[in-house]
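Reading the structure
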Amino acid sequence: MQQQQTKIAIIGAGSAGLSAWHAARKHTDDVVLIEAGAYGTTCARVGCMPSKLLIAAANTAHSARNAAMFGVTINDMVVDGHAVMTRVKGERDRFVGNVLASMASIPESHRLQGHARFIDPYTLAIDDHTQLTANAIIIATGSRATWPRLLEGAGDRLIINDDVFDWDSLPPSVAVVGPGVIGMELGQALSRLGVRTRTFGVGGAIGPFQSEKLRQLADETFSRELYLDPDATIEHVEQHDNGVAITFYERESGQKVTEIVDYVLAATGRKPNVDQLDIEKAALALDERGVPMFNRFTTQCLGKDNTPSHIFIAGDANQSAPLLHEAITEGKIAGRNAACLDDVQVGQRNVPLAIVFTEPQMAIVGESRAALETRYGGCDCIAEGGVSFDDQGRALVIGENHGYLALYAEHGSGLFLGAEMLGPRAEHIAHLLAWALEQKLTVSQMLAMPFYHPVIEEGVRSGLRDLQANLKQGSSITERCMECGPGD
Ligand SMILES: Cc1cc2nc3c(=O)[nH]c(=O)nc-3n(C[C@H](O)[C@H](O)[C@H](O)COP(=O)(O)OP(=O)(O)OC[C@H]3O[C@@H](n4cnc5c(N)ncnc54)[C@H](O)[C@@H]3O)c2cc1C
Ligand SMILES: NC(=O)c1ccc[n+]([C@@H]2O[C@H](COP(=O)([O-])OP(=O)(O)OC[C@H]3O[C@@H](n4cnc5c(N)ncnc54)[C@H](O)[C@@H]3O)[C@@H](O)[C@H]2O)c1
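Residues numbered from 1 in each chain as written. Chains lettered and ligands numbered in written order. Predicted model: local features only at pLDDT ≥ 70, side-chain atom pairs only at ≥ 80, totals over all residues. Heavy atoms only, no water.

1. Notes on helix α8 (residues 324–339)
- Relative to the 22 Å expected for 16 residues at 1.5 Å per residue, α8 spans 23 Å between its end C-alpha atoms, a close match to the ideal helical length.
- Of all 16 residues making up α8, 12 are buried, and the element is well covered by its neighbours.
- Those residues of α8 lying buried are Glu326, Ala327, Thr329, Glu330, Gly331, Ile333, Ala334, Gly335, Arg336, Asn337, Ala338 and Ala339.
- In this structure, the buried side of α8 is in contact with β1 (2–11), α1 (15–25), β6 (130–139) and β18 (308–313). (Helix = DSSP H or I, 4+ residues; strand = E, 2+ residues; numbered from the N terminus. Expected span 1.5 Å × (residues − 1). Buried < 20%, exposed > 50% of the residue type's maximum accessible area, 1.4 Å probe, protein only. Contact = heavy atoms within 4.5 Å.)

This is the structure in structure tokens:
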């Protein structure tokens, strides 16, 4: 094995690893980036971008199909599966190309190709060709899809998101297992593109929602356009000639049925890629899932001896917020801190923000009601308000009048705490609300902002008014109040 020495080794050239690379390079030239698979990042190759491209095609088909609602007739609307996938893959390749072009700024001499694993806390083996010793190591290895064993009955017809973006055309039917973020985005998109879908979950969860009201509303709303059973019992999955026989209890009738589908798409969650790193040789404290314990503000891992380690972890690998913008932020913090081990600093983290690109979109800003209840310890300190989009002016105009926005604030201070939303333009509303949360605005400060007419934001104002009305803030301090002493 070739012996090599570096100041910083970064494992994984995905979004977090590349962000770490650029941050570290501001402090040192001595950085090595290790990648086991294809360059281009999960986000661009098989994640955020191709999924949004597929969704864009699906929503176009859906709008065309529903154009009659506006008095517009579109005759012979055809979804050309081959053309859909050609555009998805073509634009996807453009995004990947952009990443590859930016990688050109990383000299070959600073890159190693191969699978990294720990030999000891400071040494990595890269495949069986290089032994790399580093003063600091950043784990940015991402995550991968997991699935229950039952689905393996589908044989080579069991697919994950990566496989969808390899298709040259659209198949006639797909069973989607897991109505989480990936399952709902891809399941609805495929259904709108004319693929016969069946979506199955366990325990009732849909998308990212914690609020029972929103979960139920999502169930009702999505069930209107696709077969969705968020608490399904799948009894048997078996590969069958040119498809898969899937035996399940039909939601409405409760009857056991067997259907043949072309593919079973596993969207049952992702696990961090830390299990193939020989992580136990890194002398780190691990949680019950085997993921290194770390400080989310420094991304520094905790050593087995309870002292901060020279190892950092960023992006999906730590599973704390498996989203692209969080991967970039964590990579930046990790890169800077790995380069300045004597002066590890707290990095800036933003408020939680998650958006699901279904229609209606789903979004969570700040902590969910359930998480807030836990944080506040059940002290009845949280006020809730909300608004339905069913009869909201702008939503009616554009024919997207479905959904609800739940808003949370703190009694007493009136501070805005967060929101959960199913509804039109949630991607934009969620940003406005996240920015308000970031600025630590109170509900009355938010209500003092301008609201144009007619816009979805007017619905947000109605929700904020409802929240304001439910807030217990005590009597307002009058101009010459008892508390105000002489000299005021
Ligand atoms: C279908 C889908 C849709 C998504 N949509 C969105 C979205 O709309 N918005 C959003 O914010 N997020 C979205 N995400 C999540 C987002 O893609 C991830 O949070 C983000 O890509 C994580 O980046 P990362 O750098 O941690 O991982 P990656 O980009 O996966 O990088 C990890 C890299 O590490 C390499 N690696 C792993 N182990 C080793 C090893 N031992 N040695 C060397 N290299 C190794 C891997 O090959 C990989 O290249 C989506 C994800 C999926 C799957
Ligand atoms: N728009 C976005 O930002 C976006 C899009 C896609 C993915 N992502 C990221 O990727 C992560 C992973 O997404 P995901 O959808 O794989 O995970 P997820 O945790 O969101 O969803 C997994 C779903 O599978 C269900 N499930 C688990 N076991 C099951 C079983 N045996 N049978 C049926 N259902 C089962 C779960 O109840 C859950 O609903 C997300 O948490 C998110 O961070 C983000």
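2. Some details on the site of ligand 1
- In the vicinity of ligand 1, 33 residues are found, and the nearest of them are Ala16, Glu35, Thr42, Lys52 and Asp316.
- Contact distances for ligand 1 include 2.9 Å between a nitrogen atom and a backbone N or O atom of alanine 116.
- Here an oxygen atom of ligand 1 sits 3.3 Å away from a polar atom, N or O, in the main chain of leucine 323.
- Its free accessible area being 1000 Å², ligand 1 has 89% of it covered by the protein chains.
- Listing elements by their share of the shell around ligand 1, those giving two or more residues are α1, β2 (31–35), α2 (42–45), α3 (48–65) and α8.
- Broken down by element, the shell around ligand 1 gets its largest block of residues, 3 residues, from α3.
- Grouping the amino acids of the shell around ligand 1 by side-chain chemistry returns 16 nonpolar, 13 polar and 4 charged. (Near = heavy atom within 4 Å. Polar contact = N/O pair within 3.5 Å; in protein donor to acceptor, adjacent residues only side chain to side chain. Areas by Shrake-Rupley, 256 points an atom, 1.4 Å probe, with all protein chains shown as cover. Nonpolar A, V, L, I, M, F, W, Y, C, P; charged D, E, K, R; others polar.)

3. Some details on the domain arrangement of the chain
- Here the chain is described as being made up of domain 1 (2–144 + 271–343), domain 2 (149–268) and domain 3 (353–484).
- With centres defined by C-alpha atoms, the gap from domain 1 to domain 3 works out at 33 Å.
- With 8 residues of domain 1 at the interface, the matching set in domain 3 holds 7 residues.
- Carbon and sulfur atoms make up 60% of the area that domain 1 and domain 3 hide from each other, which totals about 530 Å².
- For the domain 1 face of the interface with domain 3, the top three residues by lost area are Lys52, Asn59 and Phe70, together amounting to 47%.
- Taken together, domain 1 and domain 3 are joined by 0 salt bridges.
- At the junction of domain 1 and domain 3, the tally comes to 1 residue pair in polar contact (both at pLDDT 80 or more).
- Examining the composition of the side of domain 1 that touches domain 3, we find that 4 residues originate from one element, α3, more than from any other.
- Among the residues making up the side of domain 1 that touches domain 3, the classes are represented as 4 nonpolar, 3 polar and 1 charged. (Domains from an automatic or database assignment. Buried area = accessible area lost by both parts, 1.4 Å probe. Salt bridge = Lys/Arg side-chain N within 4 Å of Asp/Glu carboxyl O.)

4. A closer look at the sheet that holds strand β12 (residues 234–240)
- Strand order across the open sheet formed by 3 strands is β12-β13-β14, with antiparallel pairing between neighbours. With one partner strand each, in any of the chains shown, β12 and β14 (256–261) form the two edges of the open sheet. Pairwise comparison of adjacent strand axes, ignoring direction, gives a mean angle of 15° for this sheet.
- Pairing of strand β13 (residues 243–249) with β14 involves 6 bridges; the strand directions are antiparallel. Counted as the bridge partner of phenylalanine 248 is valine 257 from β14. (Pairing = 2+ DSSP bridges. Axes fitted to C-alpha atoms, helices over the stretch in contact; angles between N-to-C directions.)

5. Section: the state of the cysteines
- In total, this model carries 2 disulfides according to the counting rule given.
- Cysteine 43 shares a disulfide with cysteine 48; S-S distance 2.5 Å. On the sign convention where negative means left-handed, the S-S torsion of about -135° between cysteine 43 and cysteine 48 marks this disulfide as left-handed.
- Using a relative accessible area of 15% as the deciding quantity, one classes cysteine 43 as buried.
- Judged by its relative accessible area of 27%, cysteine 48 is partly exposed.
- Through a disulfide, cysteine 379 is tied to cysteine 381; the S-S separation comes to 1.9 Å.
- Cysteine cysteine 301 is unpaired, with the sulfur of cysteine 340 as its nearest cysteine sulfur at 17 Å.
- Look at cysteine 301 and you get buried, because its relative accessible area is 1%.
- Here cysteine 340 falls in the buried class, since its relative accessible area comes to 16%. (Disulfide = S-S within 2.5 Å.)

6. Considerations on the side chain of threonine 329
- Along the chain, threonine 329 falls in helix α8.
- Since its relative accessible area comes to 18%, threonine 329 is described here as buried.
- With residues near it in sequence (within four places) discarded, threonine 329 still touches Gln348 and Arg349.

7. Considering the layout of surface pockets
- The calculated volume of the second largest pocket comes to roughly 570 Å³.
- In terms of lining, the second largest pocket is formed by 20 residues, of which the most central are His62, Asn66, Arg192, Glu359 and Gly399.
- Secondary structure elements with two or more residues in the lining of the second largest pocket: α3 and α6 (181–192).
- Considering each element in turn, the lining of the second largest pocket owes the most residues, 3 residues, to α3.
- Among the residues forming the lining of the second largest pocket, the class breakdown is 6 nonpolar, 8 polar and 6 charged. (1 Å grid on protein atoms, 1.4 Å probe; cavity = no way out; pocket = protein on both sides within 12 Å on 5 of 7 lines; lining within 4 Å. Points joined across faces, edges and corners; volume = space filled by probe spheres on them.)

8. Observations regarding the packing of α3 against α6
- Between α3 and α6, the least distance of the axes is 8 Å, while the angle of their chain directions is 40°. With respect to α6, the element α3 is oriented oblique. Of the two possible hands of crossing, α3 and α6 adopt the one that is left-handed. Touching Ser51, Lys52, Leu54, Ile55, Ala58, Asn59, Ala61, His62 and Arg65 of α3 are Glu185, Leu186, Ala189, Leu190 and Arg192, all from α6.
- Residue composition of the contact of α3 with α6, by class: 7 nonpolar, 3 polar and 4 charged. (Parallel < 35°, antiparallel > 145°, perpendicular 65-115°, else oblique. Left-handed = near helix turned anticlockwise from the far one by under 90°.)

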